[in-house]
Number of protein chains: 2
Amino acid sequence: MAKLEWRLTVPDGSSEELVPESGWIHRAWMGLFQLILALKLKFLRFSEKIWKVGVDDPRRVFHCLKVGVALTLVSLFYYMRPLYNGVGQTAMWAVMTVVVVFEYTVGATLSKGLNRGMATFLAGFLGIAVHSLATQSGEKAEPIIRGISLFLLASMATFSRFIPTVKSRFDYGVSIFILTFSLVSISGHRVDKLVELAHERLATIAIGGSICMMISILICPIWAGEDLHSLVTRNMEKLANSLDGCVVEYFNDGRSETGDEEPCQKLQGYKCVLNSKATEESLANFARWEPAHGHFGFRHPWKQYLKIGTATRFCAYCVEALNGTTNSDIKAPDFIKKHLSDACKRLSSHSCNVLKELATTTKTMRKSANINLLVGEMNAAVEDLQNALKSLPHQLVMLLPPSTENEKKQPVPMANIPLMDILPLVTITSLLIEIATRIEGVVDEVDELAGLANFKPTDDQKPKQNQTIGQEAMEALQQV
Amino acid sequence: MAKLEWRLTVPDGSSEELVPESGWIHRAWMGLFQLILALKLKFLRFSEKIWKVGVDDPRRVFHCLKVGVALTLVSLFYYMRPLYNGVGQTAMWAVMTVVVVFEYTVGATLSKGLNRGMATFLAGFLGIAVHSLATQSGEKAEPIIRGISLFLLASMATFSRFIPTVKSRFDYGVSIFILTFSLVSISGHRVDKLVELAHERLATIAIGGSICMMISILICPIWAGEDLHSLVTRNMEKLANSLDGCVVEYFNDGRSETGDEEPCQKLQGYKCVLNSKATEESLANFARWEPAHGHFGFRHPWKQYLKIGTATRFCAYCVEALNGTTNSDIKAPDFIKKHLSDACKRLSSHSCNVLKELATTTKTMRKSANINLLVGEMNAAVEDLQNALKSLPHQLVMLLPPSTENEKKQPVPMANIPLMDILPLVTITSLLIEIATRIEGVVDEVDELAGLANFKPTDDQKPKQNQTIGQEAMEALQQV
């Protein structure tokens with residue numbers, strides 16, 4: 001047997017025996033055919049991937065068309081006018097500006113455009129100053145002054161990019177500053193009509209930049225602020241769904257209560273929350289460059305969204321741990337699980353309500369009339385759960401089968417239910433309580449946002465659903 | 001009283017009464033003085049910030065000097081040679097290349113340089129092809145062909161930036177591709193000697209790019225790969241310290257065991273792990289452009305570091321939840337805490353040992369001889385903890401004061417120790433067990449790295465400390 005297997009591994013040995021008359025032409029054909037098949041498969045998979053990129057967010061397609069329009073516009077502008085023949089190479093700067101400045105969101109485009117404009121102006125000014133100093137100081141000193149000034153400015157500007165504030169807001173500006181300054185340093189020596197050149201360059205940058213900004217703002221604008229707003233809102237909703245789904249699944253032993261088709265995807269929502277820090281930060285950075293739009297005023301407190309994001313993530317860490325615990329193999333005794341089940345499910349559903357209400361508050365930018373009640377309900381649920389835990393040993397004793405009742409008239413000790421068996425269950429309750437505490441942190445941050453951004457109070461005509469929730473909450477509070 | 005308070009809010013009312021002869025000159029002086037003081041304070045704080053940026057990582061200062069040197073070199077190169085007078089504006093491209101391409105790490109510089117070179121070449125080739133097609137097709141069709149080809153290519157190239165692989169590796173290349181293609185499209189019409197121009201531009205880009213790469217690689221190189229390597233290693237160490245510190249602090253009631261001066265900072269180390277995803281990804285992206293250096297071969301499996309990072313973060317989420325739980329106000333009864341204390345501390349210190357051994361393995365790039373033993377020890381500690389939990393009710397009964405012993409000869413029920421009191425304690429043990437499971441995930445990933453990167457086995461002469469750990473582990477295994 002061992003010998004036979006050994007033989008089978010000889011390359012092509014077996015297939016040649018099976019098809020003895022095929023020859024190399026047939027093999028070449030087959031190889032080519034397989035290659036084409038493989039290529040076709042790869043191409044199909046790649047197209048599918050590309051298709052998904054567009055379908056996931058159709059605004060991407062619009063963005064691409066907008067870039068095409070801006071670029072064609074600016075190049076035709078120069079192409080059509082023989083009047084600009086004199087300007088020559090300067091037209092290039094307009095095209096370059098469009099290519100480099102046009103970004104996905106309005107904020108990013110404005111940030112890059114303004115950075116480019118300001119940096120060019122500043123560096124041009126400084127460059128001309130150094131240039132006139134250099135030309136006046138004799139032939140020997142000239143290259144030394146130029147070299148040293150360039151070296152110092154480039155090093156200092158590069159260093160400034162490591163300062164976090166500069167990095168996040170003016171990174172592109174600094175690189176354009178270095179670029180313009182060194183270009184002036186060189187071309188100043190050759191061209192000798194620097195001011196005119198600087199004027200031309202600023203004008204072309206202004207043309208390119210304003211075309212970008214106009215198209216970016218006027219045609220289907222993609223606001224970084226709006227994206228940040230909906231990202232933060234969506235994250236709260238995702239977290240709420242994950243939390244509730246996770247708990248319900250554990251207590252129903254894997255059966256989803258709502259009969260959703262994609263419970264798994266819903267449960268994994270918290271993972272998006274865990275990984276959204278970098279996106280939130282870059283969006284907040286761009287959002288602050290944007291003018292007032294939609295519901296957002298000029299100085300909308302975008303930084304507060306980052307704080308909300310952080311607080312939400314703080315909850316998400318616990319939900320992650322909770323999710324890990326619910327997958328444990330240890331099964332708690334059914335009657336204990338049942339005893340805690342209602343309290344746990346109530347707490348998770350109330351926590352979920354609070355998170356969803358916070359999401360709605362943030363989304364609609366209206367102060368919630370119910371949030372205090374909902375938080376009260378959540379805290380009441382925490383107390384209920386704590387009471388359920390406190391009463392657990394008593395409960396255990398009561399629940400023991402009645403047959404032992406007459407034998408000793410003594411409560412039987414808990415020794416037969418080792419702590420080990422209820423470990424995941426206890427951990428889940430503990431994490432649920434911790435999550436409720438952390439959700440209060442989110443409540444505070446959203447409250448601060450409501451203050452900073454002057455959220456209006458909700459209309460008197462509340463939606464019916466909220467009203468009933470409010471009544472339930474009142475009843476719950478009265479019961480406690 | 002209310003009236004007096006009302007008066008005090010009148011602007012400057014009270015101060016004028018107190019200093020009646022000062023007049024406006026004095027006030028102006030004081031104002032100016034305060035302004036200068038405030039500015040000085042701001043300046044001092046800012047300088048301190050800048051100083052810290054340099055001190056935190058002195059390589060940053062070197063990087064800045066390197067940029068200065070590269071830029072001065074390339075500009076003097078063109079400044080000194082009247083021979084290049086004919087080239088004129090082309091010198092600009094070399095300067096531009098240096099400014100734009102020179103990045104902090106070697107990988108980033110290479111990635112940008114190669115992207116720039118390849119994209120310019122490709123776009124120039126395509127641009128000339130379209131240009132010759134356009135010029136041959138009559139005056140009316142020419143602008144249409146140019147416009148449509150520019151629009152289509154710019155849109156498609158912009159769209160490709162949304163594909164994750166392109167985004168992470170060729171983002172800069174795509175933008176240079178669009179830029180060059182549109183420049184050729186325009187200047188092709190005006191200059192009429194495109195090939196020569198393309199040749200010049202490629203040559204200057206090559207000069208600028210190679211100066212960058214040479215300086216970046218030869219003078220104090222900063223390798224992205226090395227940074228990634230040490231970031232991942234350091235994160236494992238930080239996590240180990242946080243985990244152990246957190247548990248020891250809880251069981252020693254806030255007293256640090258080692259008497260460290262900065263236990264707080266050590267405890268917070270896991271936070272760095274939580275937030276390092278974006279940095280890891282960008283470093284891994286750049287690392288793959290780098291040539292072989294130090295211990296790292298040409299095709300070093302950088303992607304595997306990302307997997308290790310993810311597994312480490314997976315542990316960090318639990319450590320975060322653990323940290324939240326240890327800060328709970330609920331105090332467990334002392335004798336139960338004592339009962340579990342040893343087992344918990346042992347488990348956390350063994351988990352910590354495994355993490356540190358993994359960090360050493362990764363750092364030294366040598367297969368660990370002890371890792372299996374250490375994991376065995378950790379698992380034995382998990383079992384010990386589980387046994388301690390299992391025996392807890394028995395233990396409780398045994399530990400009851402002997403005075404009750406003679407009254408009924410019956411074990412007293414546990415009703416007097418409600419589950420609520422031991423909630424955090426039980427949660428901590430449960431999370432510790434979960435963390436041990438997750439650490440095994442890190443072990444697997446590091447093991448895979450060892451396989452992929454051909455880690456050598458450790459020398460026969462093991463360090464003494466490891467040997468004793470190994471012996472302890474053997475003993476521990478024999479005991480179980």
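Everything numeric here is computed off the predicted structure, so don't read it as measured data.

**Q** Could you clarify how one ought to interpret the overall build of chain A in this entry?
**A** Secondary structure assignment for chain A yields 20 helices and 2 strands. Sequence-distant contacts in chain A: of pairs separated by 6 or more residues, those separated by 24 or more amount to 82%. Accessible surface, chain A: about 25400 Å² in total, of which carbon and sulfur atoms supply 61%.

**Q** In this structure, what is going on with the domain arrangement of chain A? I would like to understand it.
**A** Quoted interface sizes are often the accessible area lost when the parts come together. Residues and elements named next belong to chain A. Examined at the domain level, chain A breaks down into domain 1 (59-218) and domain 2 (225-392 + 412-471). Each side of the interface is counted separately: domain 1 has 12 residues, and domain 2 has 7 residues. The junction of domain 1 with domain 2 conceals about 900 Å² of combined surface from both sides, 64% of it contributed by carbon and sulfur atoms. Applying the counting rule to domain 1 against domain 2 returns 1 salt bridge. For Asp227, the salt bridge is made with Arg59, and the minimal N-O distance between the two is 3.1 Å. At the junction of domain 1 with domain 2, the criterion picks out 2 residue pairs in polar contact (both at pLDDT 80 or more). Only helix 6 (106-135) and helix 8 (164-190) provide two or more residues apiece to the side of domain 1 that touches domain 2. Ranked by residues supplied to the side of domain 1 that touches domain 2, first place goes to helix 6 with 7 residues.

**Q** Sorry if this is basic, but what is going on with the side chain of Ser175(A) here?
**A** Tracing the chain through its elements places Ser175(A) in helix 8. Not counting residues within four places of it along the chain, the set of residues in contact with Ser175(A) comprises Arg161(A) and Val99(B).

**Q** I tried to follow the packing of aromatic side chains on my own but got confused; where do I start?
**A** Residues and elements named next belong to chain A. The full count for this structure, using the stated rule, is 13 aromatic pairs over all chains. Ring centres 5.1 Å apart and planes at 80° place the aromatic pair Tyr250 and Phe251 in the edge-to-face group. Ring geometry for Phe296 and Trp302: centres 5.1 Å apart, planes at 55°, overall tilted. The exposure class of Phe296 is buried, given its relative accessible area of 4%. We note Arg201 situated over the ring of Trp93; from NZ or CZ to the ring centre the distance is 3.7 Å. In this structure, Arg438 packs its charged tip against the face of Phe314, placed 3.9 Å from the ring centre.

**Q** Which parts of the structure should I look at to understand the pattern of salt bridges?
**A** Side-chain pairs of opposite charge can arise whenever the charged atoms involved come near each other. All names here are of chain A. Under the criterion given, the structure shown has 26 salt bridges over all chains. Linking Arg438 and Glu434 is a salt bridge whose minimum nitrogen-to-oxygen distance equals 3.0 Å. One end of the pair, Arg438, and the other, Glu434, are both in helix 19 (residues 423-452), 4 residues apart, so they sit about a helical turn from each other. Each member of the pair, Arg438 as well as Glu434, is classed as buried. Where salt bridges share partners, they join Asp57, Arg59 and Asp227 into one cluster.

**Q** Honestly, helix 9 (residues 194-218) of chain B in this entry has me stumped. Any pointers?
**A** One turn of an α-helix holds 3.6 residues; hence residues three or four places apart share an orientation. Relative to the 36 Å expected for 25 residues at 1.5 Å per residue, helix 9 of chain B spans 35 Å between its end C-alpha atoms, a close match to the ideal helical length. Among the residues trailing helix 9 of chain B, Cys220(B) stands out with phi positive, at a value near 40°.

**Q** What should I look at first to understand the nonpolar core in this one?
**A** Generally speaking, a soluble globular protein has its nonpolar side chains buried in company with each other. Counting 144 residues, the largest nonpolar core has Leu322(A), Leu347(A), Val354(A), Leu322(B), Leu347(B) and Val354(B) as its most contacted members. Setting aside residues up to four positions removed in sequence, Val354(A) forms contacts with Ile371(A), Leu374(A), Val375(A), Met378(A), Ile439(A) and Val443(A). Residues Tyr78(B), Val98(B), Val100(B) and Ile176(B) belong to the second largest nonpolar core, which totals 85 residues.

**Q** Help me understand the packing of helix 5 (residues 91-101) of chain A against helix 5 (residues 91-101) of chain B, please; the structure alone is not making it clear to me.
**A** Geometry of a packed helix pair, given as the angle between the helix axes and the separation of the axes. Packing of helix 5 of chain A against helix 5 of chain B brings their axes to within 15 Å, and their N-to-C directions diverge by 20°. It follows from the interaxial angle that helix 5 of chain A and helix 5 of chain B lie roughly parallel. The two elements helix 5 of chain A and helix 5 of chain B meet at a crossing, and its hand is right-handed. Together, Met92(A), Trp93(A) and Met96(A) of helix 5 of chain A and Met92(B), Trp93(B) and Met96(B) of helix 5 of chain B make up the contact between the two elements. Class assignment of the residues belonging to the contact of helix 5 of chain A with helix 5 of chain B gives a composition of 6 nonpolar, no polar and no charged.

**Q** I would appreciate a short explanation of the interface of chain B and chain A in the present structure.
**A** Counting residues at the interface gives 85 residues for chain B, matched by 85 residues for chain A. Here chain B packs against chain A, burying approximately 7900 Å² in sum over the two surfaces, 76% of which is carbon and sulfur. Linking chain B with chain A are 2 salt bridges. Between Glu320(B) and Arg438(A) there is a salt bridge; the shortest N-O distance is 2.8 Å. For the pair chain B and chain A, the number of links is 6 residue pairs in polar contact (both at pLDDT 80 or more). With 14 residues, helix 4 (residues 59-80) of chain B is the largest single contributor of residues to the side of chain B that touches chain A. Grouping the constituent residues of the side of chain B that touches chain A by class yields 51 nonpolar, 22 polar and 12 charged.

**Q** When you look at the side chain of Thr72(B) in this model, what are you seeing that I'm missing?
**A** Within the element layout of this structure, Thr72(B) appears in helix 4. Not counting residues up to four positions away in its chain, the partners in contact with Thr72(B) are Gly147(A), Leu150(A) and Phe151(A).

**Q** It is not clear to me how the relation of the copies chain B and chain A should be interpreted in this structure. Could you clarify?
**A** A rotation about some axis, followed by a shift along it, carries one copy of the chain onto the other. Expressed as a screw operation, the relation of chain B to chain A combines 0.0 Å of axial shift with a rotation of 180°, fitting to an RMSD of 0.1 Å. With respect to symmetry, the two chain copies, as superposed, fit the operation of a two-fold axis. A high fraction, 100%, of the interface residues of chain B reappear at the interface in chain A, so the copies pair face to face through one surface.

**Q** Sorry if this is basic, but what is going on with a negative patch on the surface here?
**A** There is a patch of like negative charges on the surface, built from Glu440(A), Asp444(A), Asp447(A) and Glu448(A). Summarising the element assignment, Glu448(A) is placed in helix 19.

**Q** What exactly am I supposed to notice about a nonpolar patch on the surface here?
**A** Together, Trp24(A), Ile25(A), Trp29(A), Leu32(A), Leu35(A), Ile36(A) and Leu39(A) line one region of the surface with nonpolar side chains, adding up to about 840 Å² of accessible area. Inspection of the secondary structure assignment puts Leu35(A) in helix 3 (residues 23-56).

Rules of the game
- Along each chain, residues carry numbers from 1 onward, in the same order as the chain's sequence is written.
- Lettering of chains starts at A and numbering of ligands starts at 1, both following the order in which they are written.
- The model is predicted, so local features are restricted to residues of pLDDT at least 70 and side-chain atom pairs to those at 80 or more, both for listing and for counting; the totals for chains, interfaces and linings are taken over all residues.
- For the side-chain quantities, the full set of heavy atoms in the structure was used; hydrogens and water were omitted.
- Every helix listed is a DSSP run of H or I at least four residues long, and every strand listed is a run of E at least two residues long, numbered separately from the N terminus.
- Note on contacts: a residue pair is in contact if any heavy atoms of the two residues lie within 4.5 Å.
- Values of accessible area rely on a 1.4 Å probe in the Shrake-Rupley scheme; residue burial ignores everything except the protein chains shown.
- A domain assignment, automatic or from a database, supplies the domain bounds used here.
- Accessible area that two parts lose when put together, evaluated with a 1.4 Å probe and summed over both, is termed the buried area.
- Between Lys or Arg on one side and Asp or Glu on the other, a salt bridge is scored when a side-chain nitrogen of the former is within 4 Å of a carboxyl oxygen of the latter.
- As used in this structure description, the phrase polar contact means that two N or O atoms lie within 3.5 Å; if the pair is within protein, one of them must be able to donate a hydrogen and the other to accept it, and residues adjacent in sequence are counted only when both atoms belong to side chains.
- Side-chain rings of Phe, Tyr and Trp (the six-membered ring for Trp) are treated as a pair once their centres are within 6.5 Å; stacked means planes under 30 degrees apart, edge-to-face means over 60, and tilted covers the remaining angles.
- The classification of residues rests on relative accessible area computed with a 1.4 Å probe and restricted to protein chains. Under 20% of the type maximum is buried, over 50% is exposed, and intermediate values are partly exposed.
- As a reminder, the over-ring test applies to NZ of lysine and CZ of arginine, requiring each to be within 6 Å of the ring centre and within 35 degrees of the ring normal.
- Each residue after the first adds 1.5 Å to the expected span of a helix.
- Among buried residues, the Ala, Val, Leu, Ile, Met, Phe, Trp, Tyr and Cys ones that are joined through side-chain atoms within 4.5 Å form a nonpolar core.
- All axes are obtained by fitting lines to C-alpha atoms, using only the stretch in contact for helices, and the reported angles, taken between N-to-C directions, cover 0 to 180 degrees.
- An angle below 35 degrees is treated as roughly parallel, one above 145 as roughly antiparallel, one from 65 to 115 as roughly perpendicular, and anything else as oblique.
- Each crossing gets its handedness from the near helix: less than a right angle anticlockwise from the far helix is left-handed, clockwise is right-handed.
- Polar here means any residue outside two lists: the nonpolar Ala, Val, Leu, Ile, Met, Phe, Trp, Tyr, Cys and Pro, and the charged Asp, Glu, Lys and Arg; Gly therefore counts as polar.
- The copies were overlaid by least squares, fitting only the C-alpha atoms of residues that reach a pLDDT of 70 or more in each copy.
- Each patch is built from residues lacking any salt bridge and having more than 30% relative accessible area; the joining distance is 9 Å for like charges and 5 Å for nonpolar side chains (Val, Leu, Ile, Met, Phe, Trp, Tyr).
- Just so you know, the count uses Lys and Arg for positive and Asp and Glu for negative, and it drops His and the chain ends.
- For charged residues, the charge sits on one atom: NZ in Lys, CZ in Arg, CG in Asp, CD in Glu.

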